[in-house]
Amino acid sequence: MMAHWKERDHWLSNEVLFARNEIWDGERFKELSWFWNPEARWVIPALCPNCKQVVGSQSIKDELGLSPETHIEEHYECSISIQCPNCYLRFEHKPKVTSGGPRNIALIGHWDGWQPFSTSCKHSCGAIEVSIATMKKSDRCSTEEVYVSGFVPSYLLPNKCPISLDPFLEILVKELEDLFVNGMEVEYTGSSEGLPPGKIVIRCILLLWTGDYPAQAQVGKFIQGGIRPCRRCNVVGAQGSESTHYYYGNYRYHSRYPSDERDLNMFVQTMKDIECEDRPTVHATMARESGFTGLSILHRLYAAYGFNILKDLTFDAMHDVTLNIIHHHLLRYLEAGILSRNEIDGYVHASTISEAVTMAKHRDVAYQSILVGGKKYTSLSTHEVTEVFRVLKKQQLKHFTLAVIQAPSIYMSQHGFGGTLYRVGEHVRVSDDAGELSVAKIDAILAVNIEEEYHLLLKGEEYAQSVTETGDSRIHTSSENPFVESTSSMIFFPCKSIVRKVMLFPDPDHLHDPYMYVVIDHQRPFIPLNKEAVIVPHFPEAGDMVCVRGTIGNEVYFAHIQSVNKNSNTCQVYFYGNDPGHPSISASKYKRLKLQETVHWSSILGTAKGQFIGHYWVA
């Protein structure tokens, strides 16, 4: 539980010098660094003697007349009169001051429901759990370090009632308030990480709350959809004329002009009003228009140390499409040696993909390829047999036994995140012995038995890199993907030489009769390292100088937008160039051409970098 203290340089420093691998590498942990920093002094909140809820440190500091620059004393002998913001009781309180403690604990909360029986029924249940945030994630994510705070009999809860979880969360929140204000005295018999033994007071906070989208909406009392569906920004949805659903479009506009963030203090009263509203129709209308179904019980922790239910209830990362894709590519990048793992000799067959996935998980074939689908015996020509022996690097015998089994697909459990299914007719990247990558189309998937030893091979059409007249590799300008051409030759290659799937798109200049194709390498094992490598659809406005993709040769042009037609997604522009007949980007200084032309938004690559000097555009 002291892993965060071992890496305290990551969050006590004002500079970000480390890769963000752990939870204490984030900004929120740094904001709460005073909680663990022994050199930080802070006023302990008070507990109301009537309702037992927290009266925040800021209220106490205001009564003491302390500004942020004022030095905090060790003790305050005088008592002050403070008022509870919940029950409005005014009581006497003697302020107390403490320092941050490296042994203090931060928790991560989680709520989710499940079906306790094998079939779906109304008798569902759920659990409120916590884990320790100050442990390394490799230890924190083990089942031994997940602590159940309480079981919830979900099937007994009122349907769609936002206060259903409050009685179960009340116990946890009340204990967190007490542990933060009063702490728990613990005696350490030995030193740890340079900290001396002895009796100390350990305090505890809830750092964040996790869960899937419906669970977060239940705990935070957020609506799932509606006019304002996002709890962090003020994006507004639009309802279709013939539908009751709300849609959230204008991505180009929101990319350029993000919506304002929501301020919790501006919505607390709205949440309270919705919480107190007992008329169902009025409650539903208020929730739909505001995005809240009430005030979460976790908001009580805001007075203690600033727990913000709008930000500290995390997004549903597990079901987020973007994160899944990034995770997929990062795994490939980090496991760069995946193709060097030895496969088990022989072949395994499964009737369906689900059966193949089960076999890969529950048998000792975690890195073996599995044939999937209907199989049949086939034969090879004399030339093909010779080619098979060459690929397998075996000396062809005068007499040998040969059996060939063909299948429509093959499941590679070691590829990607959760395995990949390759089918006949798909295109793949293939690696040779030297590590060079080529492209092939799968025409047949074979299990070849030579002298009672099986070898999994693929037969396919080879594609070669397309080159220009000068001998340079031909590259698609806007996507920077290579062009390839069919060699019309059939090759054999081991299934273990497959690197990943690719797609071939016909040459945009010869769509009807293509002789070369653009390689769409959507599973490439890297992600862009800077924002310039990511192309975001541009939202154009009058006055923008933009880069426009041409229709011939993938050339790029400068264009100055004069007007925008949002109905047709087009712009009226003046092109800038040196040659009126060929205004391509070939120099650094450009003048406006005479003719005004129409450009579709899809042709705009982004904002051009440069400035106007007189009547010229200087890139």
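Here the structure is shown first, and the text comes after it.
Residues numbered from 1 in each chain as written. Predicted model: local features only at pLDDT ≥ 70, side-chain atom pairs only at ≥ 80, totals over all residues. Heavy atoms only, no water.

Q: An account of the overall build of the protein is needed here, citing residue identities and associated values.
A: Each helix and strand counted, the protein has 14 helices and 33 strands in total. Counting over 619 residues, the protein shows a buried share of 41%. Within the protein, contacts between residues separated by at least 24 positions form 59% of all contacts whose residues are at least 6 apart in sequence. (Helix = DSSP H or I, 4+ residues; strand = E, 2+ residues; numbered from the N terminus. Buried < 20%, exposed > 50% of the residue type's maximum accessible area, 1.4 Å probe, protein only. Contact = heavy atoms within 4.5 Å.)

Q: Account for the packing of aromatic side chains, with residues named and values stated.
A: Scanning the model with the defined rule gives 25 aromatic pairs in all. Where Phe35 meets Trp42, the ring centres are 6.3 Å apart and the plane angle is 40 degrees; that geometry is what we call tilted. With centroids separated by 6.5 Å and ring planes inclined at 75 degrees, the aromatic side chains of Tyr305 and Phe307 adopt a geometry described as edge-to-face. The two residues Tyr305 and Phe307 agree in class, both being buried. Among the aromatic residues, those joined into a cluster by ring pairs are Trp5, Trp11, Trp24, Phe29, Trp34, Phe35, Trp36, Trp42, Phe180, Tyr305 and Phe307. In this structure, Lys501 is placed above the aromatic ring of Tyr422, and the distance from its NZ or CZ to the ring centre is 5.8 Å. (Phe/Tyr/Trp six-rings, centres within 6.5 Å; stacked < 30°, edge-to-face > 60°. Lys NZ or Arg CZ within 6 Å of the ring centre and 35° of its normal.)

Q: Tell me about the environment of Lys61, and name the residues and values.
A: Topologically, Lys61 is positioned in helix 4 (residues 57-64). Taking C-alpha positions, Lys61 is 9.7 Å from Pro45, a pair spaced 16 residues apart along the chain. Apart from the residues within four sequence positions on either side, Lys61 is in contact with Val43 and Leu66.

Q: So what's going on with the nonpolar core? Residues and values would help.
A: Counting residues in each nonpolar core, the largest one holds 59 residues, and the members touching the most others are Leu206, Trp209, Leu298 and Tyr305. Of all the secondary-structure elements, those providing two or more residues to this core are helix 1 (3-6), strand 7 (105-114), strand 8 (125-132), helix 6 (166-181), strand 12 (204-210), helix 7 (213-220), helix 9 (264-276) and helix 11 (302-305). The element that contributes the greatest number of residues to this core is helix 6, accounting for seven residues. Ignoring anything within four residues of it in the chain, the contact list for Tyr305 reads Arg28, Leu32, Trp34, Phe180, Ile205 and Leu206. Core analysis: the second largest hydrophobic core is formed by 18 residues, Ile410, Met412, Val430 and Ala440 among them. (Core = buried A, V, L, I, M, F, W, Y, C linked by side-chain atoms within 4.5 Å.)

Q: I'd love a proper account of the pattern of salt bridges, names of residues and values included.
A: Scanning the entire structure with this criterion turns up 17 salt bridges. One salt bridge in this structure joins Arg256 and Asp544, with 2.7 Å as the shortest N-O distance. In this pair, Arg256 sits in helix 8 (residues 251-256) while Asp544 sits in the loop between strand 26 (517-520) and strand 27 (545-549), placing the two residues 288 residues apart along the sequence. Judged by relative accessible area, Arg256 falls into the partly exposed class, the value being 30%. A relative accessible area of 11% places Asp544 in the buried class. Among the salt bridges present, the one from Glu426 reaches Arg423, with a minimum N-O distance of 3.3 Å. For Glu426, a relative accessible area of 19% translates into the label buried. Judged by relative accessible area, which is 42%, Arg423 ranks as partly exposed. Through salt bridges with shared partners, a single ionic network connects Glu7, Glu22 and Lys136. (Salt bridge = Lys/Arg side-chain N within 4 Å of Asp/Glu carboxyl O.)

Q: Residues and numbers for unusual backbone geometry, please.
A: Of note, the phi angle at Lys52 is positive, near 65 degrees, even though the residue is not glycine. Note on placement: Lys52 falls in the loop between strand 2 (46-47) and strand 3 (54-55). On the accessibility criterion, Lys52 (46% relative accessible area) is partly exposed. Positive phi, close to 65 degrees, is recorded for Tyr88, a residue that is not glycine. Topologically, Tyr88 is positioned in the loop between strand 4 (80-83) and strand 5 (90-93). On the basis of relative accessibility, which here comes to 59%, the residue Tyr88 falls in the exposed class.

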